[in-house]
Each structure stands twice: as structure tokens, then as C-alpha cells.
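Residues per chain, in single letters:
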Amino acid sequence: MAELVIRRLNQISARIAVAARRSGRKPSDVKLVAVSKGVAPERLKAVLPCGLRVFGENRVQEFLQKYEMLGEQAEWHLIGHLQRNKAKYLIGKIALIHSLDNLELARLLNKLSLRQGYPWQVLIQVNVSGETAKFGIDPSELGEFLDAMRELRGLEVCGLMTIAPYCEDPEQVRPVFRRLRELKEEATKSRPWLNLEHLSMGMSSDFEVAVEEGATVVRIGSALFSG
Ligand SMILES: *Cc1c(COP(=O)(O)O)cnc(C)c1O
């Protein structure tokens, strides 16, 4: 079981490396988050010795069960929408929140983080495609959102995240990834105090295109764990 996942990981890593070089970057510029939602903790435990240890979860309850078993042997990222009443369970356990999507949540996370005494790293989820079913800040409101975030000293905004619509042909979603990169560049130009290091974009079906467009973090689930 673990062997299958590791074989897939090696193939995916090779494809990421080729896509990174195509865009003039180093393979090491792209970090892979293994999306482990729906995957049993025993399976995750089995792949740890092989070097797969950054996991993305989208449900707090499920994450907490896995954290109880694996704890700090892994690095945990939250990639799904977070309800405010669940935020307190994550403090000190989640390394990076990819899915910050509203100011009320940001203020609450800031308060929790300040209480703990060191800044919490977050990415802002942007709804580039405009799909109504998706969470995320509207691109036209990103600047204002970033300005409001500046006050929140407990949070370190490390970049932007987006989810592209599913398409058979990943070329069709290239403009979504390109737009996120442009949003980052525009925001950084007008707000030099920002330090938007990361673009979290690309999943199993479209990660190569995302890497070509500048992804520094890809979130891969089914291509690693399905079956
Ligand atoms: C499930 C999920 C992924 C992984 O999707 P796959 O297509 O299985 O690779 C990535 N990002 C988010 C936000 C997800 O919910």
C-alpha cells in the first residue's frame, strides 16, 4: 500500500520538476502538500518513513483524529473552509491555513495567535473563477482585504490560494492560475510591505499547468491516494 503511494509520489515529483524547469524555476521551488482527507491515519503513518509528511486536511474533526495519532510527526495544513467555532482547536497544530476567506475569521485567528505569542501563517483564498459554490475573496476585494490584514499582527500572510474549476483539459484552467499570479504581483507592487511568497494552486488534474504558471505549493490528493 505504502509502496504504491511512494511510486506515485515519485512520478508526480518528476512531473513537477519538469514543469518547474519549463517555467525557468527549480523543482525545489515547489512544495507538495499531500491531501489526506478521507485517507485513514494508518495509511498516512505507513508513508511517513518514505518522506511524505506534509498533509492537507479540510475538516477539523477528521484532522483532530489524525493529529491525535500522528501529531508532530507530520506537518499539517488546513486547505478547506474553516468555521469560526472550530478555529480554537487548530492553534499550535496547523502549520499553514490555505483557506482564509473572511475578515471575521482573520480577526479571530489573530486573537488566538496573539494569545499564543507567535504569528500564524495563512494564505488568502481567492475565488478567481467566480464560481458561486466556492469560498474565497473576490479578486476585486483583495487589495482592501490585504490592507485590513496589515493590522492583524498575529497573522503572517504568506501568499494566495485558489481552486480552479474541474476541467478534463487542464489547459482550460490556465487563465485561473495566471490570474492568481497576476493578483499577487499587482498587490505586491502597490503594497511593498507585503511578503506574498506562496501561490497555492494546482491539484491532481491540473498541477503541471499550475506549476508552469508559478505555483509554489501544489495540493495533491487522489493522484496519490485513490484506490
Ligand atoms: C480535495 C482537495 C484537493 C485535492 O484534490 P485532488 O483532485 O484529489 O488532488 C486540493 N485542494 C483542496 C482545497 C481540496 O479540497
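Our subject in this report is the structure included herewith. Treat the numbers as computed from the prediction; the structure is a model and nothing was measured.

Reading the values: the criteria
- Residues numbered from 1 in each chain as written.
- Predicted model: local features only at pLDDT ≥ 70, side-chain atom pairs only at ≥ 80, totals over all residues.
- Heavy atoms only, no water.
- Helix = DSSP H or I, 4+ residues; strand = E, 2+ residues; numbered from the N terminus.
- Buried < 20%, exposed > 50% of the residue type's maximum accessible area, 1.4 Å probe, protein only.
- Contact = heavy atoms within 4.5 Å.
- Near = heavy atom within 4 Å.
- Polar contact = N/O pair within 3.5 Å; in protein donor to acceptor, adjacent residues only side chain to side chain.
- Areas by Shrake-Rupley, 256 points an atom, 1.4 Å probe, with all protein chains shown as cover.
- Core = buried A, V, L, I, M, F, W, Y, C linked by side-chain atoms within 4.5 Å.
- Salt bridge = Lys/Arg side-chain N within 4 Å of Asp/Glu carboxyl O.

**Section: the environment of Ser23**
Mapped onto the secondary structure, Ser23 falls in the loop between helix H1 (2-22) and strand S1 (31-35). Classification of Ser23 by relative accessible area gives partly exposed; the value is 28%. As for Ser23 and Glu212, which are separated by 189 residues in sequence, their C-alpha atoms are 5.1 Å apart. If near-sequence neighbours (up to four positions away) are discounted, Ser23 is found in contact with Val211 and Glu212.

**Comments concerning the site of the ligand**
What surrounds the ligand is the set Val35, Lys37, Ile79, Ile163, Met203, Ser204, Arg219, Ile220, Gly221 and Ser222. Interatomic distance of 2.8 Å between a side-chain N/O atom of Lys37 and an oxygen atom of the ligand. Take Arg219: an N or O atom from its side chain is 2.8 Å from a nitrogen atom of the ligand. Considering the ligand on its own, with 390 Å² of exposed area, one finds that the protein chains cover 84% of that surface.

**Concerning the nonpolar core**
Leu32, Leu52, Phe55, Ile124, Met149 and Leu224 are the most contacted members of the largest nonpolar core, which totals 69 residues. Counting residues per element, this core draws most heavily on H1, at seven residues. Non-local contacts of Leu32, meaning those with residues more than four positions away in its chain, are made with Leu9, Ile12, Ile16, Leu52, Val54, Val218, Ile220 and Leu224.

**What to know about the side chain of His77**
With respect to the element layout, His77 can be found in strand S3 (residues 75-78). Residue His77 is classed as buried on the basis of its relative accessible area of 3%. Side-chain polar atoms of His77 contact the side chain of Glu75, separated by 2.7 Å. Engagement of the side chain of His77 in a polar contact is seen with the side chain of His98, the distance being 2.9 Å.

**Examining the pattern of salt bridges**
Inspection of the entire model under this criterion finds 16 salt bridges. With its nearest N and O atoms 3.3 Å apart, the salt bridge here joins Arg179 to Glu186. Measuring nitrogen to oxygen at the nearest pair gives 3.8 Å for the salt bridge that ties Glu185 to Arg181. Taken as a pair, Glu185 and Arg181 lie in helix H6 (residues 174-190) at a separation of four residues, close to a single helical turn. Residue classification places Glu185 among the partly exposed residues on the basis of a relative accessible area of 42%. By relative accessible area, which is 25% here, Arg181 ends up partly exposed.

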